[in-house]
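The chain contents come next:
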Amino acid sequence: MGFRNREGITLRTATGTLALAAALAASPAIAAFLSGTNGDDVIFGADADNVDDLVIQHAGAVNQSLNDTDAIDGKDGDDVLIGGLGSDMIRGGRGDDVIIGGTEQGSQPNSDIMFGDDGNDVSLWRGGDGSEAFIGGRGLDALVFGNIDRDANNIPILSPATGRHAKTGLPSADVTGQGGFCTLEDVRGQGLGYEFPFRFFVRTTGNVAVTVRTAEVEQMFCTSQAGGAITFADLTAPNPEFVGVSLDEVAKLNPLVRQIIR
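Rules and cut-offs
- Residues numbered from 1 in each chain as written.
- Predicted model: local features only at pLDDT ≥ 70, side-chain atom pairs only at ≥ 80, totals over all residues.
- Heavy atoms only, no water.
- Pairing = 2+ DSSP bridges.
- Helix = DSSP H or I, 4+ residues; strand = E, 2+ residues; numbered from the N terminus.
- Axes fitted to C-alpha atoms, helices over the stretch in contact; angles between N-to-C directions.
- Buried < 20%, exposed > 50% of the residue type's maximum accessible area, 1.4 Å probe, protein only.
- Phe/Tyr/Trp six-rings, centres within 6.5 Å; stacked < 30°, edge-to-face > 60°.
- Core = buried A, V, L, I, M, F, W, Y, C linked by side-chain atoms within 4.5 Å.
- Contact = heavy atoms within 4.5 Å.
- Salt bridge = Lys/Arg side-chain N within 4 Å of Asp/Glu carboxyl O.

K.L.:
Hey, could you go over the sheet that holds strand β19 (residues 196–202) for me, with residue numbers and the actual values?
P.N.:
Two orientations exist for strands paired in a sheet by backbone hydrogen bonds: parallel and antiparallel. Spatially, β4-β6-β8-β10-β12-β20-β19-β18 is the arrangement adopted by the eight strands of the open sheet, whose pairing is mixed. Each edge of the sheet is formed by a strand with only one pairing partner; in this case those strands are β4 (33–35) and β18 (180–184). Neighbour to neighbour, the strand axes of the sheet diverge by 15 degrees on average, direction disregarded.

If you want it as structure tokens, here you go:
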């Protein structure tokens, strides 16, 4: 199992608490490019390609940076890939990958583009993240909107898991109790390059917060309009729509998602 993350972060996984050495953090010159191994990786975005990177930022010049954007390539294996700040580009590679573009908590830029590639992949979105795109690739891929559990430093918490993510652990998210709900629009066959835009509405105001575009994604999990329940849409159906599901039903629909959400 390989690890890449920002300096000073302690990662809690199924294998115990690992204090990641500064040697594993990307150097400023290559901070934007993070590559995994052909094993099971946990990779955190470096969030270091910005105006404070003196290798990138030329003295006296306008902003030459990528504004904390990372390009993350998980390669093979069952990876957990977390972008952090910036508009990240994340590629899962072969394997069952779990991808989080943020969490940015409203800071901008925050529009991530995520590719699952081969395998049964899951993309997690949390309120405060931006409008994004998830291209699932081959396999049974799922988009999940929920309140991702974070530590005091805004880092998603990884908890012990079973199965293919026993080495990495998995993030967790409250889907039942988040403060909004989702709608979907079916634009398949219109030549737009994506198949479904999902819109997240803030329950207290009724306003649209973000729109996430998907292609080659088979499942969507969100929260009911009234709150307090999970909704599911089968995107392979002729006319997909959200229906209420229990956690037991989630386990049958997607065992990986069930390990993540509550």
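K.L.:
Residues and numbers for the environment of N239, please.
P.N.:
With respect to the helices and strands, N239 occurs in the loop between β22 (230–234) and β23 (243–245). Residue N239 is classed as exposed on the basis of its relative accessible area of 67%. Residues N239 and D186, spaced 53 residues apart in sequence, show a C-alpha to C-alpha distance of 7.9 Å.

K.L.:
Please give an account of unusual backbone geometry that cites residues and values.
P.N.:
Here the amide bond leading from G102 into T103 is cis, since omega sits at 10 degrees, within 30 degrees of zero. P109 follows Q108 through a cis peptide bond whose omega is 5 degrees. In this fold, P109 is placed in the loop between β9 (98–100) and β10 (113–115). Phi at N154 takes a positive value of approximately 65 degrees, unusual for a residue other than glycine. Structurally, the position occupied by N154 is in the loop between β14 (147–148) and β15 (158–159).

K.L.:
Provide a residue-level description of the packing of aromatic side chains, including the pertinent values.
P.N.:
Per the stated rule, a full pass over the model turns up seven aromatic pairs. Taken together, the aromatic side chains of W125, F145 and F200 make up a single cluster linked through ring pairs.

K.L.:
Describe the environment of D49, and please don't skip the residues or the numbers.
P.N.:
With respect to the helices, strands and loops of the structure, D49 is situated in the loop between β5 (41–44) and β6 (71–73). When its relative accessible area of 7% is taken as the criterion, D49 is described as buried. Separated by 16 residues in the primary sequence, D49 and S65 have C-alpha atoms spaced 5.7 Å apart.

K.L.:
An account of the nonpolar core is requested, with residue identities and associated values reported.
P.N.:
V122, L124, V144, F221, V257, I260 and I261 are the most contacted members of the largest nonpolar core, which totals 26 residues. Taken together, the elements giving at least two residues each to this core come down to β5, β7 (80–82), β9, β11 (122–125), β13 (142–145), β22 and α2 (255–260). Of the residues forming this core, the biggest block, three residues, is contributed by α2. If we skip the residues at most four places from it in the chain, V144 touches V122, S123, L124, W125, V175, F221, V257 and I261. Core analysis: the next-biggest nonpolar cluster, separate from the first, contains 24 residues, I43, I90, M114 and C222 among them.

K.L.:
Tell me what's going on with the pairing of β13, and back it up with residues and numbers.
P.N.:
Residues of β13 alternate between two faces, with A142 and V144 on one and L143 and F145 on the opposite face, all of them buried. Pairing analysis gives four bridges linking β11 to β13, with the strands arranged parallel. Among the inter-strand pairings, V122 is bridged to a residue of β13, identified as A142. Pairing between β13 and strand β21 (residues 219–223): three bridges, direction parallel. Note on β21: the bridge partner recorded for A142 is Q219.

K.L.:
Summarise the pattern of salt bridges; cite the residues concerned and give the values.
P.N.:
Summed over the entire model, instances satisfying the criterion amount to six salt bridges. Among the salt bridges present, the one from D96 reaches R164, with a minimum N-O distance of 3.4 Å. On the criterion of sequence distance, the pair formed by D96 in the loop between β8 (89–91) and β9 and R164 in the loop between β15 and β16 (170–171) is long-range, its members being 68 residues apart. Looking at D96, the relative accessible area reads 10%, which means it is buried. Residue D186 pairs with R188 through a salt bridge whose shortest N-O separation is 2.6 Å. A single salt-bridge network, built from bridges that share partners, covers D78, D96 and R164.

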